[in-house]
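Chain and residue survey
For reference, the chains in residue letters:
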Amino acid sequence: MLKKTISRFRLISYIEGISYLVLLFIAMPMKYILLQPLAVKFVGMAHGVLFIIFVIALAQCMQKCSFSLKFSIKLFILSLIPFGSFIIEKEIKKLEIKNKNK
């Protein structure tokens, strides 16, 4: 059950991070350079929904997987940074390795 919760969180984190990059590096230039504001509307909406799902998945991991508050805040802050989802992946792997060695 714990492995399933963490796996789901990792997948959501990855997808949310990709949507953030698409928003920043594809949709925003389309809006301001190509004057196509519709791209930001749809990609922004999708990213917003994915971000809410990310926060819910993080809360589930805090509860079921005993993520500390400090660790969870770190992951949340990383989700706000472009390419932060890849750092989140590294942090989760380090945590899994650490817990495996116990």
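We now turn to the structure provided with this report. (Residues numbered from 1 in each chain as written. Predicted model: local features only at pLDDT ≥ 70, side-chain atom pairs only at ≥ 80, totals over all residues. Heavy atoms only, no water.)

**With respect to the overall build of the protein chain**
On a plain count of helices and strands, the protein chain comes out with four helices and zero strands. Listed by position from the N terminus, the elements making up the protein chain come as α-α-α-α. When burial is assessed residue by residue, the protein chain has 32% of its 102 residues classed as buried. A separation threshold of at least 6 residues defines the contact pool for the protein chain, and within that pool the share at least 24 residues apart is 65%. For the protein chain, the accessible surface area stands at approximately 6,800 Å², while carbon and sulfur atoms represent 72% of it. (Helix = DSSP H or I, 4+ residues; strand = E, 2+ residues; numbered from the N terminus. Buried < 20%, exposed > 50% of the residue type's maximum accessible area, 1.4 Å probe, protein only. Contact = heavy atoms within 4.5 Å. Areas by Shrake-Rupley, 256 points an atom, 1.4 Å probe, with all protein chains shown as cover.)

**Here we look at the side chain of Ser13**
For Ser13, the location among the structural elements is in helix H1 (residues 2-32). The residues contacting Ser13, other than those within four sequence positions of it, are Phe54, Ser85 and Ile88.

**A look at the pattern of salt bridges**
For the structure on display, the rule yields four salt bridges. We note a salt bridge from Glu91 to Lys74, for which the minimum N-O separation is 3.1 Å. Of this pair, Glu91 sits in helix H4 (residues 84-100) while Lys74 sits in helix H3 (residues 69-79); the two residues are 17 residues apart in sequence, bridging distant segments of the chain. We classify Glu91 as buried; its relative accessible area is 12%. Note that Lys94 and Glu91 form a salt bridge whose closest N and O atoms lie 3.4 Å from each other. (Salt bridge = Lys/Arg side-chain N within 4 Å of Asp/Glu carboxyl O.)

**Some thoughts on the side chain of Thr5**
For Thr5, the position within the fold is in helix H1. Classification of Thr5 by relative accessible area gives buried; the value is 3%.

**Comments concerning the environment of Phe71**
Tracing the sequence through the fold places Phe71 in helix H3. Separated by 63 residues in the primary sequence, Phe71 and Arg8 have C-alpha atoms spaced 17 Å apart. Each residue touching Phe71, except ones within four places of it in the same chain, is listed here: Glu91, Ile92 and Leu95.

**Description of empty space enclosed by the protein**
All told, the structure shown has one cavity of 30 Å³ or more when counted by the stated rule. Within this model, the largest cavity holds a volume of roughly 30 Å³. In terms of lining residues, the largest cavity is bounded by Glu16, Gly17, Tyr20, Ser79, Ile81, Pro82, Phe83, Gly84 and Ser85. Secondary-structure elements contributing two or more residues to the lining of the largest cavity are H1 and H4. Among the elements that take part in the lining of the largest cavity, H1 stands out by supplying three residues, more than any other. Residues of the lining of the largest cavity, tallied by class, amount to four nonpolar, four polar and one charged. (1 Å grid on protein atoms, 1.4 Å probe; cavity = no way out; pocket = protein on both sides within 12 Å on 5 of 7 lines; lining within 4 Å. Points joined across faces, edges and corners; volume = space filled by probe spheres on them. Nonpolar A, V, L, I, M, F, W, Y, C, P; charged D, E, K, R; others polar.)

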